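Fold and contact review
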Amino acid sequence: MSIDDLRERTMRAIVHREFGASDVLRVEEVPLPEPGEGLVRVRVAAAGVHAVDTDIRRGGGPPSMPKPVLPMTPGREVAGIVDAVGSGVNESVLGARVVAHVGFRSGGYAEFALAPVEALHPVPAEVTLPQAVAAIGTGRTAQLVLESVEIRPDDVVIIPGASGGLGSQLVQLALSIGATVVGLHGGETKRAVVEQLGVGARRAGGRLIALDANDDTWPVRLAGLLDGVQPSVLIDGVGGPTGRAAVETLGRGARVVIIGWSSGEVVRLDSADIVERSLTVAVPLGRPIAELRTLETRALAAVAEGRVSPPVDEYRLEDAAAAHDAIEQRRQRGKVVLIP
Ligand SMILES: NC(=O)c1ccc[n+]([C@@H]2O[C@H](COP(=O)([O-])OP(=O)(O)OC[C@H]3O[C@@H](n4cnc5c(N)ncnc54)[C@H](OP(=O)(O)O)[C@@H]3O)[C@@H](O)[C@H]2O)c1
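Residues numbered from 1 in each chain as written. Predicted model: local features only at pLDDT ≥ 70, side-chain atom pairs only at ≥ 80, totals over all residues.

1. Some points on the overall build of the protein
What the protein contains, in helices and strands, is ten helices and 15 strands. For the protein, the C-alpha radius of gyration of 21 Å lies close to 20 Å, the compact-globule estimate for 340 residues. Oriented by its inertia axes, the alpha-carbon framework of the protein measures out at about 75 × 40 × 35 Å. Across the 340 residues in the protein, those meeting the buried criterion constitute 45%. Long-range contacts, defined as pairs at least 24 residues apart, comprise 71% of the intrachain contacts of the protein with a sequence gap of at least 6. (Helix = DSSP H or I, 4+ residues; strand = E, 2+ residues; numbered from the N terminus. Rg over C-alpha atoms; globule rule 2.2 N^0.38 Å. Buried ≥ 20, exposed ≤ 12 C-beta atoms within 10 Å, placed from the backbone. Contact = placed C-beta atoms within 7 Å.)

Laid out in structure tokens, this is it:
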């Protein structure tokens with residue numbers, strides 16, 4: 001066997017051999033994965049990076065996710081071209097431009113990754129592969145949020161973390177319905193990211209207000225900008241003091257959707273808040289896989305139809321540690337994606 005033959009059977013992948021700081025994510029030359037029964041191999045053009053990946057890398061992560069056995073290659077969202085199929089898979093899928101959420105199987109931070117054939121979605125021609133990656137996981141969550149809170153054109157929707165992967169898509173979806181959207185961002189450097197969301201996707205006349213949540217006067221400024229109208233929807237993935245300040249701005253009968261707590265503390269809401277202002281609260285997380293697939297299809301359609309144009313923050317595969325640093329240091333702009 002020549003060195004060239006050997007080279008063809010290996011690939012570059014991020015291998016995570018110990019839990020710890022981002023420098024545990026290193027590129028290695030590893031064997032090319034061979035697809036077994038029901039699996040395809042995807043030549044990865046874009047791999048999604050998630051805030052949860054950083055928790056798992058440190059040795060934590062949500063209780064709903066099994067702690068990985070090391071060594072492992074992180075990455076649950078991949079888009080690219082099918083280059084090999086395992087037994088039982090129709091060869092017509094070879095060469096297809098696809099995206100998949102591979103779940104706990106992981107392995108996305110690599111030049112090639114395996115995916116169950118039933119997880120594949122064809123990527124519409126209008127959608128780039130990094131955008132497809134933004135749609136398949138984060139976009140499906142955005143669709144789940146839309147299901148749980150029916151946004152109307154007359155709504156005023158507050159979205160903390162508007163420059164993040166999920167927040168940015170939610171801002172665009174609410175604008176596409178025609179709502180007034182208040183996008184909160186942390187620091188003036190992120191203002192442009194949020195303002196760009198208003199021009200990046202198709203909107204239905206909705207108004208976008210970007211406010212710096214690090215400036216404590218934002219609720220007062222918002223009240224002035226809304227001329228007495230109070231927000232009717234809060235979609236909160238940040239929690240902590242920012243989430244709580246957002247709750248304080250809500251009007252009677254407002255709907256609150258809790259999707260996470262990037263600050264480390266879930267938004268504080270007590271029964272007095274709920275009863276006195278007739279708030280309704282939804283926590284739309286954790287759905288059966290079959291429902292997730294429908295949401296994934298809807299998320300890809302939203303991008304193809306221009307209702308969402310997800311901002312993508314691209315890093316080279318070998319810079320996976322820097323991509324994790326960006327998320328942990330709040331420097332991400334939209335969905336963080338690795339390009340092998
Ligand atoms: N993406 C998904 O598929 C998904 C699924 C389920 C739940 N969630 C949850 O939804 C939330 C948002 O997810 P995401 O994917 O958009 O995450 P992300 O890309 O990391 O964005 C989170 C945003 O939160 C803001 N933030 C405010 N205070 C923060 C703090 N103390 N530490 C870190 N970030 C802070 C940051 O924006 P500023 O710096 O501008 O404030 C950041 O851009 C998270 O809580 C996540 O767990 C996400």
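2. Concerning the site of the ligand
In the vicinity of the ligand, 25 residues are found, and the nearest of them are Gly 161, Gly 164, Gly 186, Gly 237 and Gly 260. Classifying every residue of the shell around the ligand gives eight nonpolar, 15 polar and two charged. Each of domain 1 (3-122 + 310-339) and domain 2 (138-282) contributes no fewer than three residues to the shell around the ligand. (Near = placed C-beta within 6 Å. Nonpolar A, V, L, I, M, F, W, Y, C, P; charged D, E, K, R; others polar. Domains from an automatic or database assignment.)

3. Focus: the domain arrangement of the protein
Domain annotation of the protein identifies domain 1 (3-122 + 310-339) and domain 2 (138-282). Relative to domain 2, the C-alpha centre of domain 1 lies at a distance of 31 Å. The partner domain 2 presents twelve residues to the nine residues of domain 1 that form the contact. Of the residues that constitute the side of domain 1 that touches domain 2, the class distribution is four nonpolar, two polar and three charged.

4. A short note on helix H10 (residues 320-328)
Since the α-helix packs 3.6 residues into each turn, any two residues three or four apart lie on the same face. Along H10, the residues that are buried comprise Ala 320, Ala 323, His 324 and Ile 327. Projected onto a plane normal to the axis of H10, the buried residues spread over an arc of 100° and lie on a single side. Arg 330 sits one or two residues past H10 and shows a positive phi near 60°. (Arc of directions from axis to C-beta.)

5. Points about the nonpolar core
The tendency in soluble globular proteins is for nonpolar side chains to be buried as a group. With 87 residues, the main nonpolar core has Val 42, Ala 79, Ala 115, Ala 132, Val 133, Val 157 and Ile 159 as its most contacted residues. Counting contributing residues, this core receives three or more from each of domain 1 (3-122 + 310-339) and domain 2 (138-282). With sequence-adjacent residues up to four places away left out, Val 42 is seen in contact with Val 78, Gly 80, Ile 81, Val 82, Val 98, Ala 100, Phe 112, Ala 113 and Ala 115. (Core = buried A, V, L, I, M, F, W, Y, C linked by C-beta atoms within 7 Å.)

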